[in-house]
Amino acid sequence: MADRRAPEIYSIAAHRGFADALVAGLVPRYSEAGLGLARLTLLLPSSRAVRTVSEAFIRHAGEADGPVGLLMPRMVVVGDLDLDEALGPLLDPLGASAIPSAIDPQRRLFALARLIADTMGDDAPGGATLLRLARETGATMDRLLVEDVDPADLLDDSVVDIVPDLSAHWQKSLHLFATVQVKWRAFLQESGALDAAARRNRLFDHAAARFAKHPPETPIVAAGVTSPAPALARLLKTVSELPQGAVILPDFDLTLADEVWDELGRAGAAPGPGETPFARDDAVTHPQYHLKLLLNRMGVAREEVRPWHRKGLAAAPPERSHAIGSLFLPPEASKAWVDLPTDKRRLAGVRIMRSANPEEEAQAIALLVREALETPRKRIAVVTPDRGLARRVVHHLARWDILADDSAGRPLSQTAAGRLMLLLAEVMAERAAPVPLMALLGHPLVDGGMERGIWLSQLRRIERSLRGPRKAEGLEPVERIVAKHAEPGSPMAEWWRTVSDTLAPLLDMADREAVPLADCLDVLAAAGEALCGEKLWAREDGRALARFVEELRLNSGEAAFALAPRDVEVALRDAMEQIAVRPPYGGHARVQVLGLLESRMNRADLVICAGLNEGVWPARGTTDALLAPPVLRALGVPGSDYRIGLAAHDLAGALGAPEVVLSRAERDESGPAIPSRFLLRVQALLGDLLPRHEETRAVELARAIARAPRAAIYPRPRPKPAAEQRKVAISATALDRLLGDPYQFYAAQIMGLKDLDALDADPTPAWQGNVAHTILQRWHEQRAGGADPDIAPIMAAVLDEENADPLTRGLWQPRLLAALEWIAGEVRAATDREVLRVEEKGAMEVEGIRVHGRADRIDRLPDGTLAIVDYKTGKPPSAAMVADGFALQLGILGLIAERDGFEKARGEPGAYEYWSLGKSKSEANPYGFGYVETPLKIPPKRTGIELEDLLPLTSGFLLKGITRYITGDAPFTARENPDYPAYDTYDQLMRLDEWLPRMDEEEGPA
């Protein structure tokens, strides 16, 4: 074994720009005649870092004088578990075959699920919840394995001693985890495999031992690797001690005072035997904490780290690093801000931008990028952990043909291909409920092999008919619609054949109590291919989906994992959230949109750090789902706030750019947002200098782009259509609207505008009324034929025809049946009156205008007069409403009857009745349903309208409406009578909210 030398460790300050400064120092240090830099091996943290360093070499070669062309070093990826990256071949050579292979992640998930189910017995959750618990268990295992914590350490005295102090929940969770660990180790031993994190540790130790025993003859440099995992720290120590080795750390602050360094805490160095390597007061949120942890685990003193004196092409002034160091001082050291000299506060080139909301923030960022691109060769990076904000920026830049890909990618569940698979599972879970069914069939990838326009035209016809109260589950509601519209061989018939043949297997599977996940994936994939063809598997999201489905199908089948069909969509979504789909390399050469992981080691001339709000940057701290914080501390695992320190380090590195914009939105989708603790520190450090560092121009431009010229105040609508347009018929139910709110009559009767129901809407009063009227009509018609039927079967048949949802039937049907049976009983008991007609249509002419209506029921009274009956599913109108002209339906029907407008029910009207299906008002039956109301003043009523006055009153209102609006020229004024209880159907059309608040002050009363 060769003699070891003192470790060679360097630090590149934040202001120098890591990748470019690294290359600027490597080229003169390792270049030589012949192969030159090609003999150098670089250990880099991730594939993204390889790309970043490669681009830095290219830029350096372009700037340097001399021959064109460059042989770059060999770059080996240390690998990032968070990015699901494999180790490079240098660290995972063929010679390491003695180390068992890593277990497949999907196989591991299902194996853990089975072990958890066996351990918990009858208390075990099922389906998607079990998989979620298995995934959380795996994440906790990885957290321990990365820290080189053996599962046997759970039985160590340091852990056992604190168990009694834990709550019952944490004790139960710890017991479950420890039990599963014992079974899991036996399973791995039997399988001859290792966890991926454990295998990486073995490979790191294998490489370290190999390097120490046989030092490479060529130089090896580890650059940008900051993970303080113990096994990786041992490898880095070995590399730093090689004859031609070195370790180069990014953004390590050599200017921190010793007392500040000590205030960071233990950082993995236990002060004595039996004490934990981490203390409660460790400054884990400090950006230098994980670097101190790394040095402690390497056994390297801070004084042994030397500065890297080269700088990159995009270097900032040296004062920037001093300001960054002051910016992130821990609590006690922050007191020094009071006496901090100006040169330590200098943040020239740093601007702070505040926007009103994420959309405005994205627009302002896009404007900054576009403006910066006007400067030749200037490079711009937008860094944010908020993927939604990143996508907004990308879309805004695309408006100017600036193609910038979000290199952090999107979860598979949010891509087109992934969303289609989830919609198929949702259709199965909800048995083709209208909302998921229409979302699936309207998905951008779906065309069923037809021309896309033809497919969508058929879909829109179906969707229009499906709107309204929720239909029963299954495809039967759609089949009935198709039967009404489709001719054999028509495009709709072909459309329906494709849909029904494709979805039938899904609905068959939905009827089963539990299904093997592998079989379910087969059916979902087949359905997706039938609807989309090869488009489903095209592009990067389709290829990622294909890999995901194949791996999940293989491993779930091997594990014989089954779950309820309703849980499949949740299980798939949870699994897809773990898979990031990144765009292919491309886009604008000088613009990058990066996540925090992707931004490490990167540098640009302008860096825009966006989304600087609490909960975003840094992300909200999370507690481990299975192990309590005291247990993790006893095991020597950093707390959850440790990742806040990593986020701070990412920001510190970004702040080293020549130009930096720190951006946040004052509100997000949920309400007011809290500024990031990092941004508040920047503002506090700047103090009185803050106004000089505010970026307002881009925000003003963003607002100007979205700001339309101020519109004039919208007046109260008073449309005046031409005379020929006014001459429309008046229905018995429309006269109220004409007199109370003429604009609504204008919109409905003259413009012909109808309200469009939503899919899966709640049952409306209109729908309930139509159902009740249909039931009563059929019952009366069967009685007129000589039968005396039970009304319950008729009700059931009508609800079946309406495909009423089971929930609707369960909640409404008992009340409806009670009210209908009351009506049937009252009709049977009324031997002194005869039901003449039901749902009888009639009409008359008044001033040359047709007035028409339909009577729900017309009875013949003993004195030969007619009783006009109107069924109401709710509360009937009061006599006062009739007198005010707000409920004239019975009066209009009486006028039509008086003029013999009902051909099969002639006679003088002598009674007007509302038969309500509402809750009974009878003291004898307080819990029943159904009662009779009349607007007339008939004893024992002391109020109401006299019988002889109703028709003259109604006639007067009718003539007023006709002469003013139909044959006259009065405007159809919106909300002319403020007391009219109008529907809100046309409020948006009349722009009510715009003019109503200003009506009194600008127009005066109408």
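Residues numbered from 1 in each chain as written. Predicted model: local features only at pLDDT ≥ 70, side-chain atom pairs only at ≥ 80, totals over all residues. Heavy atoms only, no water.

J.: Tell me what's going on with the state of the cysteines, and back it up with residues and numbers.
T.: Applying the stated criterion across every chain, the model contains zero disulfides. Lacking any disulfide linkage, Cys520 is separated from the closest cysteine sulfur, that of Cys532, by 16 Å. For Cys520, a relative accessible area of 0% puts it in the buried group. Its relative accessible area of 3% is what places Cys532 among the buried residues. (Disulfide = S-S within 2.5 Å. Buried < 20%, exposed > 50% of the residue type's maximum accessible area, 1.4 Å probe, protein only.)

J.: Outline a nonpolar patch on the surface, listing residues and values.
T.: Judged by side-chain polarity, Ile58, Leu70 and Met72 come together as a nonpolar surface patch covering roughly 260 Å² of accessible area. Mapped onto the secondary structure, Ile58 falls in helix H2 (residues 47–63). The exposure class assigned to Ile58 is exposed, which follows from its relative accessible area of 55%. (Patch = residues over 30% accessible without salt bridge, like charges linked within 9 Å, V, L, I, M, F, W, Y side chains within 5 Å. Areas by Shrake-Rupley, 256 points an atom, 1.4 Å probe, with all protein chains shown as cover. Salt bridge = Lys/Arg side-chain N within 4 Å of Asp/Glu carboxyl O. Helix = DSSP H or I, 4+ residues; strand = E, 2+ residues; numbered from the N terminus.)

J.: Which residues make up the sheet that holds strand E8 (residues 380–383), and what values do they have?
T.: As summarised here, the arrangement of the five strands in space is E7-E15-E14-E8-E13, forming an open sheet in which the pairing is parallel. Both outer strands of the open sheet, strand E7 (350–355) and strand E13 (591–594), are each paired with one neighbouring strand and no more. Between one strand axis and the next, the sheet turns through 15 degrees on average, direction left out of account. The sheet contact formed by E7 and strand E15 (residues 659–665) spans six bridges and is parallel. Bridge pairing in E15 links Met353 to Ser663. (Pairing = 2+ DSSP bridges. Axes fitted to C-alpha atoms, helices over the stretch in contact; angles between N-to-C directions.)

J.: Just give me the short version of the packing of aromatic side chains, but keep the residues and values in it.
T.: Across all of its chains, the model carries 13 aromatic pairs by this definition. Plain terms: the ring middles of Phe252 and Trp261 are 5.7 Å apart, the flat faces sit at 80 degrees to each other, and that makes the pair edge-to-face. As far as burial versus exposure is concerned, Phe252 and Trp261 are alike and both buried. Taken together, Tyr743, Phe745, Tyr746, Tyr965 and Phe972 form an aromatic cluster joined through their ring pairs. In this arrangement the basic side chain of Arg857 is found over the ring face of Trp915, its NZ or CZ atom lying 4.1 Å from the centre. It is Arg991 that lies over the ring of Tyr714; its NZ or CZ is 3.8 Å from the centre. (Phe/Tyr/Trp six-rings, centres within 6.5 Å; stacked < 30°, edge-to-face > 60°. Lys NZ or Arg CZ within 6 Å of the ring centre and 35° of its normal.)

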